[in-house]
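# Fold and geometry: a report
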Amino acid sequence: MPIVIRLDDRLHDRRLTLTELATRVDITLANLSILKTGKARAIRFSTLEALCRELDCQPGDLIEFLQEGE
Amino acid sequence: MLHAVRLIVTGLNVLNWIFAGVFAAVLVLTFAAEPRIAADISRTFPDARAGALLRDVRLVMAIGIAAFFPARILLVRLGSILRSVETGDAFVAENGDRLRQMGWALLALQILDLAFGWIALSVSRTTDEYLGWSLSLTGWLAVLLIFVLARVWTEGSAMRDDLEGTV
């Protein structure tokens, strides 16, 4: 998929586990795993807002667009 | 309640087979015992042409047999929809397809009903007996409703599929 979610670096910077992040943003660990592994088809703005708040970053820090062939 | 509805649908399926069998048996009988039946008709309706009435009886039986097939489609698809409701996953594209098939089956039944009505009117004219047929606007409305419902179901399940994988 051309859209890549980069959560690992931000989690490491904030010293958070995926489970802790899931609790803080109020989505299930299963859904957060789906997001992290690139299997999500869409993300709600509310989820994106919560992630940026908890990871203290901008949406562009989490979401990257890869051109075909990259 | 779902269980009760499923029992009713199963019962209707059985009745459908029984009626089809009865219609087929009567149709065969009109050929096997034609002279006797024609004589009975002539006695009962001396002013009517026995041959024409016998033909009408056969046509009604043929309509009854033909109705078995769309009725079966209607009941089998309804049973499948009920099973999907029981498994908790009713809002799927397959149910939209099933509803569409049920719509076509219902349309076929309505057309067969029109054919029966035409014969009933013909028999009534011949025998001065009222066979009790009347045009069912409710049935035609049901055809329209079921096609609309099928479309709603298809669009709804597509929207649901879109949402799957949304975090």
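I will try to describe carefully the structure that is included in this document. (Residues numbered from 1 in each chain as written. Chains lettered and ligands numbered in written order. Predicted model: local features only at pLDDT ≥ 70, side-chain atom pairs only at ≥ 80, totals over all residues. Heavy atoms only, no water.)

### Focus on the packing of aromatic side chains
All names here are of chain B. As a reminder, the rule being used: Aromatic rings from Phe, Tyr and Trp, with only the six-membered ring used for Trp, were paired whenever their centres fell within 6.5 Å, and each pair was classed as stacked if the ring planes differed by under 30 degrees, edge-to-face if by over 60, and tilted otherwise. Secondary structure counts use DSSP, requiring at least four H or I residues in a row for a helix and at least two E residues in a row for a strand, with both numbered from the N terminus. Only protein chains enter the accessibility calculation, which uses a 1.4 Å probe; a residue whose area is less than 20% of its type maximum is buried, one above 50% is exposed, and one in between is partly exposed.
Scanning the entire structure with this criterion turns up 5 aromatic pairs over all chains. Relative to F147, the ring of W104 lies with its centre 5.1 Å away and its plane at 75°, an arrangement referred to as edge-to-face. With a gap of 43 residues between them, W104 in helix α4 (residues 93-127) and F147 in helix α5 (residues 137-163) connect regions that are remote in the sequence. Given a relative accessible area of 54%, W104 falls into the exposed group. What makes F147 partly exposed here is its relative accessible area of 25%. Among the aromatic residues, those joined into a cluster by ring pairs are W17, F68 and F69.

### Considering the state of the cysteines
To keep things clear, this is the line we draw: What counts as a disulfide here is a pair of cysteine sulfur atoms lying within 2.5 Å.
Per the stated rule, a full pass over the model turns up 0 disulfides over all chains. Not part of a disulfide, C52 of chain A finds its nearest cysteine sulfur in C57 of chain A, a span of 4.5 Å.

### Let's talk about the pattern of salt bridges
Residue and element names in this part refer to chain A. Stated precisely, the cut-off is as follows: Salt bridges are identified by distance alone: a Lys or Arg side-chain nitrogen within 4 Å of an Asp or Glu carboxyl oxygen.
Under the criterion given, the structure shown has 11 salt bridges over all chains. With a closest N to O distance of 3.1 Å, D8 and K36 form a salt bridge. Residue D8 is found in helix α1 (residues 8-14), and its partner K36 is found in helix α3 (residues 29-36); the two are separated by 28 residues along the sequence. For K36, a relative accessible area of 32% gives the class partly exposed. With a shortest N-O distance of 3.5 Å, R24 and E54 are connected by a salt bridge. Of this pair, R24 sits in helix α2 (residues 18-25) while E54 sits in helix α4 (residues 45-55), and the two are 30 residues apart along the sequence. Looking at E54, the relative accessible area reads 15%, which means it is buried. Through salt bridges that share partners, R24, R53 and E54 make up one connected network.

### Digging into the environment of A42 of chain A
Basically, it comes down to this: We call two residues in contact whenever any of their non-hydrogen atoms come within 4.5 Å of each other.
Position of A42 of chain A relative to the elements: it lies in the loop between α3 and α4. Ignoring anything within four residues of it in the chain, the contact list for A42 of chain A reads G165, T166 and V167 of chain B.

### Here we look at the environment of F68 of chain B
Residue and element names in this part refer to chain B. With respect to the helices and strands, the residue F68 is situated in helix α3 (residues 50-86). Sequence separation between F68 and S134 is 66 residues, and the spatial gap between their C-alpha atoms is 21 Å. Filtering out sequence-adjacent residues up to four positions away, F68 remains in contact with N16, W17 and A20.

### Brief notes about the interface of chain A and chain B
The condition that has to hold: Throughout, the accessible surface (probe 1.4 Å) given up by two parts as they are put together, summed over both, is called the buried area. Between N or O atoms, a polar contact is any pair within 3.5 Å; within protein, one atom must be a potential hydrogen donor and the other a potential acceptor, and residues adjacent in sequence are included only when both atoms are from side chains.
Tallying the contact residues gives 9 residues for chain A and 6 residues for chain B. Buried surface at the junction of chain A and chain B, summed over both partners, amounts to about 650 Å²; 52% is from carbon and sulfur atoms. Area buried by chain A at its contact with chain B is led by R41, A42 and R44 of chain A, which between them contribute 67% of it. Taken together, chain A and chain B are joined by 6 residue pairs in polar contact (both at pLDDT 80 or more). When residues in the side of chain A that touches chain B are grouped by element, the largest group, 3 residues, is from α3 of chain A.

### Focus: the layout of surface pockets
Residue and element names in this part refer to chain B. Worth spelling out the cut-off: Points on a 1 Å grid over protein atoms alone make up a cavity when a 1.4 Å probe fits among them but cannot get out, and a pocket when they form an open set with protein on both sides within 12 Å along at least five of seven lines; lining residues each have an atom within 4 Å of a point. Grid points are joined across faces, edges and corners, and a volume is the space filled by probe spheres set on the points. As a working rule, the residues Ala, Val, Leu, Ile, Met, Phe, Trp, Tyr, Cys and Pro are called nonpolar, Asp, Glu, Lys and Arg charged, and the rest polar, with Gly in that last group.
Approximately 410 Å³ is the volume attributed to the largest pocket. Along the wall of the largest pocket there are 18 residues; nearest its centre are N16, A67, F68, A71 and L109. Looking at the lining of the largest pocket, the elements that each hand over two or more residues are α1 (2-32), α3 and α4. If one sorts the elements of the lining of the largest pocket by residue count, α3 sits on top with 8 residues. Taken as a whole, the second largest pocket encloses approximately 200 Å³ of empty space. Residue lining of the second largest pocket: I41, F45, L53, D56, V57, V60, M61, F116, V123, T127, E129 and L131, and that is the complete set. By residue class, the composition of the lining of the second largest pocket is 9 nonpolar, 1 polar and 2 charged.

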